[in-house]
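A closer look at the structure
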Amino acid sequence: MTLSDLGSIANLLSAIAVLATLVYLAIQVKQSNRLARSQSRQRMIEQTQQELYQWIDNPDLREAFLSTKTPSPETQSKMHFFLLSALRQREWEWFQYKDGIINEDVYVAYHGVIALHLGIPRTRKWWQTVGRMGFNASFVSEVDAFLQDQPLTEKYYEDIRCFDAPAAEEASVSEVG
């Protein structure tokens, strides 16, 4: 075996090593992307749960969404910070979507919550007056465009209030029987 043959074998082994390294790195990148998506979805779930716990733990906040009466200044302040936090989360999700971290179907599902948070006249007014300050201008434009196509969701909040109440027909039938 000549020195030239040994050089050829070394080149072949080197090429195989480079190829193996590239395959390994591709697998690592794919796993890292999966992990990033998983962590993003986990954060989205945790944030959504925090929003729900705010509703559970703050009856005056809940009432501010469910009632047409003007809330107290303290409750309005709570509502402001709740909405600010919730919309900041939606903005973070928007960034994650734009960066390709979360898929469109996941983004659309979570983005739809904006229609609920900003679905009553009181919260739409909040968004129009003070809510949009400090958010990314492109995100604000997207929320504005989204809200143009969204009806108010007052019925949703009324349904929360009385989803388990007997229907009027059921009540009258049971009274007769």
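Below, the structure is looked at part by part. (Residues numbered from 1 in each chain as written. Predicted model: local features only at pLDDT ≥ 70, side-chain atom pairs only at ≥ 80, totals over all residues. Heavy atoms only, no water.)

1. Section: the overall build of the protein
- Looking only at helices and strands, the protein has 9 helices and 0 strands in total.
- Order of helices (α) and strands (β) in the protein, N terminus to C terminus: α-α-α-α-α-α-α-α-α.
- C-alpha atoms of the protein, sized along the principal axes, occupy 105 × 50 × 30 Å.
- For the protein, the residues scored as buried account for 27% of the 177 residues in total.
- Counting contacts in the protein only where the partners sit at least 6 residues apart, residues at least 24 apart contribute 72% of the total.
- As displayed, the protein offers around 11,700 Å² of accessible surface, 59% of which is attributable to carbon and sulfur atoms.
- Charge-centre separation for the protein: the mean point of 17 positive side chains lies 5 Å from the mean point of 22 negative side chains. (Helix = DSSP H or I, 4+ residues; strand = E, 2+ residues; numbered from the N terminus. Buried < 20%, exposed > 50% of the residue type's maximum accessible area, 1.4 Å probe, protein only. Contact = heavy atoms within 4.5 Å. Areas by Shrake-Rupley, 256 points an atom, 1.4 Å probe, with all protein chains shown as cover. Lys, Arg positive; Asp, Glu negative; His and termini not counted. Charge placed at Lys NZ, Arg CZ, Asp CG, Glu CD.)

2. Structural notes on the pattern of salt bridges
- A full pass over the atoms with the stated rule returns 6 salt bridges.
- Arg 90 is the salt-bridge partner of Glu 51, the closest N and O atoms lying 3.1 Å from each other. Of the two residues, Glu 51 sits in helix H1 (residues 3–57) while Arg 90 sits in helix H3 (residues 73–98), which places them 39 residues apart along the sequence.
- Residue Glu 51 is classed as buried on the basis of its relative accessible area of 6%.
- Residue Arg 90 is classed as buried on the basis of its relative accessible area of 1%.
- Residue Asp 159 is joined to Lys 155 by a salt bridge in which the shortest nitrogen-to-oxygen separation is 2.9 Å. Linking Asp 159 with Lys 155, this pair stays in helix H8 (residues 154–162), spanning 4 residues, or about one helical turn. (Salt bridge = Lys/Arg side-chain N within 4 Å of Asp/Glu carboxyl O.)

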